[in-house]
Amino acid sequence: MTPTILGQNQYGKAENRVVRITRDGATHHIKDLNVSVALSGDMDEVHYSGSNANVLPTDTTKNTVFAFAKEHGVESAERFGIHLARHFVTSQEPIHRARVRVEEYAWERIGTAGEGGHSFVRKGQETRLAQITYDGEAWEVVSGLKDLTVLNSTGSEFRGYVKDAYTTLEETRDRVLATSVSGRWRFNWTDDEQDMPDWETSYRETRKHLLRAFAETYSLSLQQTMYRMGARIIDHRGEIDEVRFSLPNSHHFLVDLEPFGLGNDNEVYFAADRPYGLIEATVLRDGCEARIPADLTNL
């Protein structure tokens, strides 16, 4: 038999759907999460011999997620993940590292506290994301979002690019710029001696700054807009050292209406869903090291 050794490994319970409702009189508050836990440590024997002596069952992991939703509440996706990661590493000696990923789905209240304080409609905007990693000493918190669809109906050009024998795209001084933002940002909070960021404020303000940069940048390229989005976050949010974006260029092509005897002065477009340009980059605070993976599908 060819000699083999065990490489990186982890296990846990993925996609625990947790809804936590907090009742404040007639007004209720809802936190809707999808929580995935991955644990690693002294797990060689369960792979080599099948011994489960160091294995905390994934069913126990699931139960812990739901119990913590009651015991600790859900102040924020990040804080909830921190509670879980700390618990698994400090309560189980064989577990040396915990990674908790949280997706949060937003709900909007229908009516006021006096009328419909318990009624909600699911928001059709972005999904909030958080990944918390803890090894017993250091924390890494990466937050973000996905599926945040944005569009500028003007204020965007695309010209001066390389042309070769296969280039058919015409230059334009006025185009629709649209994308579905997938972004992650890494905090410089790494140990318990530091003051913990206000996670809710941080998310709200970071989202605001990336949207303002998208809206306020006269765009000569999606790359330029993306860089401005990341740079504005770094400039305004001191708790964040690194931002990674993956932005599909959601192409809008002017429809040729001449066969119908109609003009088209940047009014009617065909929105193509594929193929699409995919623009990706990391923006860093000067002097900081990039740690967010280039492939966001793995984060």
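A brief look at the structure comes next. (Residues numbered from 1 in each chain as written. Predicted model: local features only at pLDDT ≥ 70, side-chain atom pairs only at ≥ 80, totals over all residues. Heavy atoms only, no water.)

What follows deals with the side chain of histidine 28. With respect to the secondary-structure elements, histidine 28 resides in strand β2 (residues 27–41). Judged by its relative accessible area of 16%, histidine 28 falls in the buried class. Those residues within four positions of histidine 28 in sequence are excluded, and the remaining contacts are Ile21, Thr22, Arg23, Arg109, Gly117, His118 and Phe120. (Helix = DSSP H or I, 4+ residues; strand = E, 2+ residues; numbered from the N terminus. Buried < 20%, exposed > 50% of the residue type's maximum accessible area, 1.4 Å probe, protein only. Contact = heavy atoms within 4.5 Å.)

Counted residue by residue, β2 has 12 buried out of 15 residues, so it is predominantly covered. As defined by bridge partners, β2 adjoins strand β3 (residues 95–105) across 10 bridges and the pair is classed as antiparallel. Bridge assignment links leucine 33 to a residue of β3, and that residue is glutamate 104. (Pairing = 2+ DSSP bridges.)

Mapping aspartate 32 onto the fold places it in strand β2. Look at aspartate 32 and you get buried, because its relative accessible area is 3%. Within the structure, the side chain of aspartate 32 is placed 2.9 Å from the side chain of tryptophan 107, a separation counted as a polar contact. Apart from the residues within four sequence positions on either side, aspartate 32 is in contact with Arg17, Val18, Val19, Glu103, Glu104, Tyr105, Trp107 and Arg122. (Polar contact = N/O pair within 3.5 Å; in protein donor to acceptor, adjacent residues only side chain to side chain.)

Let's shift gears to the sheet that holds strand β7 (residues 139–152). Taken together, the 8 strands give an open sheet; going across it, the order is β1-β2-β3-β6-β7-β8-β9-β12, and neighbouring strands pair in antiparallel fashion. Strands at the two margins of the open sheet, each flanked by one partner only, are β1 (16–24) and β12 (277–284). Strand-to-strand, the axes of this sheet are offset by a mean angle of 20°, without reference to chain direction. Bridge analysis of strand β8 (residues 177–187) against strand β9 (residues 240–249) gives 6 bridges, and the strand direction is antiparallel. Of the residues in β9, the one forming a bridge with arginine 184 is arginine 244. On the sheet, helix α2 (residues 58–71) packs against β1 and β2 and is oriented at approximately 15° with respect to β1. This element, helix α3 (residues 77–91), spans β2, β3, β6 (127–134) and β7 of the sheet and lies at about 25° to β6. (Axes fitted to C-alpha atoms, helices over the stretch in contact; angles between N-to-C directions.)

The next subject is α3. Taking 1.5 Å of rise per residue, 15 residues should cover 21 Å, and α3 covers 21 Å from first to last C-alpha, within 8% of that figure. For α3, every residue scored as buried is listed here: Ala77, Glu78, Phe80, Gly81, Ile82, Leu84, Ala85, Phe88 and Val89. Next to the buried residues of α3 lie β2, α2, β3, β6, β7 and α4 (199–216). (Expected span 1.5 Å × (residues − 1).)

So, about the nonpolar core. By size, the foremost hydrophobic cluster in this structure holds 52 residues, and its most contacted members are Val35, Phe80, Val181, Leu210 and Phe245. Looking at this core element by element, the count peaks at 7 residues for α3. Excluding its chain neighbours within four sequence positions, the residues that come into contact with phenylalanine 245 are Val181, Ser182, Gly183, Leu210, Met226, Met229, Gly230, Ile233, Ile279, Glu280, Ala281 and Leu296. (Core = buried A, V, L, I, M, F, W, Y, C linked by side-chain atoms within 4.5 Å.)

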